[in-house]
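Architecture and fold: a report
Each chain is listed here by its residues.
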Amino acid sequence: MRVGIYPGSFDPVTLGHIDMIKRACAMFDKVIVAVLINADKQACFSISERMRFLELALKEASINNVEIDSFNGLLADYAKRKNACAVVRGLRAVSDFDYEFQMALTNKRLNPDMETVFFTSQSEYMYLSSGTVKQVAALGGDITGFVPEIIKQDIINKSVNKN
Ligand code: PNS
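The sections below set out a description of the structure shown in this document. Source: prediction; values computed, not measured.

Omega for the peptide link from D11 to P12 comes to 0°, which places this bond in the cis form. Positive phi outside glycine occurs at S62, with the angle close to 50°. Relative to the elements of secondary structure, S62 occurs in the loop between α2 (47-60) and β3 (66-71). Even without being glycine, N83 reaches a positive phi, approximately 55°. One can find N83 in the loop between α3 (75-81) and β4 (86-91).

Okay, here's the thing in structure tokens:
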């Protein structure tokens, strides 16, 4: 059974993330979408909100071989515990590369059995990030086509109330 992990902050999940998850699910027997519990990073949405958004979005997308989880500590250790053979990450632009390459090499050093697999973003999602979504929503812009329809209103409500 080939288990892949798709880790991230998902604050909040975007349609770019969902596209990556669909593609990863076609490649692995099981994909674990792992939300980082990061006490240092100021998140807009709580871990439970982020996991609920993922659940709703993935249910809507009718993907079966996916599991949603959260983790703290090292990704390399978490992957070992989950018997995962690979981590999936998305690359949108060249600017993502430095950070992703550093992370992949660090993870390889920490867990030599684990590979990092990069998926290139679809052109329509190349500009999209959770940060952009929050900013556009907070300033009253239309986030249709940025996030799954089923969670759109929740994101707008929270982003607007934060400002
Ligand atoms: O969505 P993000 O914020 O780009 O995801 C980053 C994430 C969660 C993949 C990364 O921060 C991570 O793996 N954190 C866990 C800590 C860790 O393993 N650090 C060592 C590798 S750099």
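On we go.
Around the ligand sit 13 residues in total, of which G8, S9, K41, L75 and R89 are the nearest. Measuring from an oxygen atom of the ligand, one finds a side-chain N or O atom of S9 at 2.6 Å. Between the ligand and L75 there is a distance of 2.8 Å, counted from an oxygen atom to a backbone nitrogen or oxygen. Burial of the ligand by the protein chains amounts to 75% of its free accessible area of 550 Å². Residue assignment for the shell around the ligand shows that the elements contributing at least two residues are β1 (3-8) and α4 (94-110). The element contributing the most residues to the shell around the ligand is α4, with three residues. When the residues that make up the shell around the ligand are grouped by side-chain class, the tally is seven nonpolar, four polar and two charged.

Another aspect to go through is the packing of aromatic side chains. All chains considered together, the criterion is met by five aromatic pairs. For the pair F97 and F101, a centre-to-centre distance of 5.1 Å together with 20° between the ring planes defines the contact as stacked. Of this pair, F97 and F101 both sit in helix α4, four residues apart, roughly one helical turn. Given a relative accessible area of 37%, F97 falls into the partly exposed group.

This part covers the sheet that holds β1. Two modes of strand pairing occur in sheets, parallel and antiparallel, and in both the strands are linked by backbone hydrogen bonds. Spatially, the five strands line up as an open sheet ordered β3-β2-β1-β4-β5, and their pairing is parallel. Both edges of this open sheet fall to β3 and β5 (115-120), since each of them pairs with a single strand only. Direction aside, the axes of adjacent strands within the sheet are offset by 30° on average. Two strands pair when backbone bridges link them, and strand β2 (residues 30-36) and β3 are joined in this way by six bridges, in the parallel orientation. Residue pairing in the sheet places A34 in a bridge with D69 of β3. The strands that helix α1 (residues 15-27) touches are β1, β2, β3, β4 and β5; relative to β5, the one it contacts most, it runs at about 125°. Strand contacts of α4: β4 and β5, with the helix running at about 175° to β4, the strand carrying the most contacts.

A separate point is the nonpolar core. Core analysis: the biggest nonpolar cluster contains 34 residues, and I21, V33, L54, L58 and I155 have the highest contact counts within it. Excluding anything up to four places from it in sequence, V33 contacts Y6, F10, I21, L54, L58, V66, E67, I68 and D69. Among the nonpolar cores identified, the runner-up in size contains 11 residues, and I32, F71, A79 and V87 belong to it.

Criteria and thresholds
- Residues numbered from 1 in each chain as written.
- Predicted model: local features only at pLDDT ≥ 70, side-chain atom pairs only at ≥ 80, totals over all residues.
- Heavy atoms only, no water.
- Helix = DSSP H or I, 4+ residues; strand = E, 2+ residues; numbered from the N terminus.
- Near = heavy atom within 4 Å.
- Polar contact = N/O pair within 3.5 Å; in protein donor to acceptor, adjacent residues only side chain to side chain.
- Areas by Shrake-Rupley, 256 points an atom, 1.4 Å probe, with all protein chains shown as cover.
- Nonpolar A, V, L, I, M, F, W, Y, C, P; charged D, E, K, R; others polar.
- Phe/Tyr/Trp six-rings, centres within 6.5 Å; stacked < 30°, edge-to-face > 60°.
- Buried < 20%, exposed > 50% of the residue type's maximum accessible area, 1.4 Å probe, protein only.
- Pairing = 2+ DSSP bridges.
- Axes fitted to C-alpha atoms, helices over the stretch in contact; angles between N-to-C directions.
- Contact = heavy atoms within 4.5 Å.
- Core = buried A, V, L, I, M, F, W, Y, C linked by side-chain atoms within 4.5 Å.

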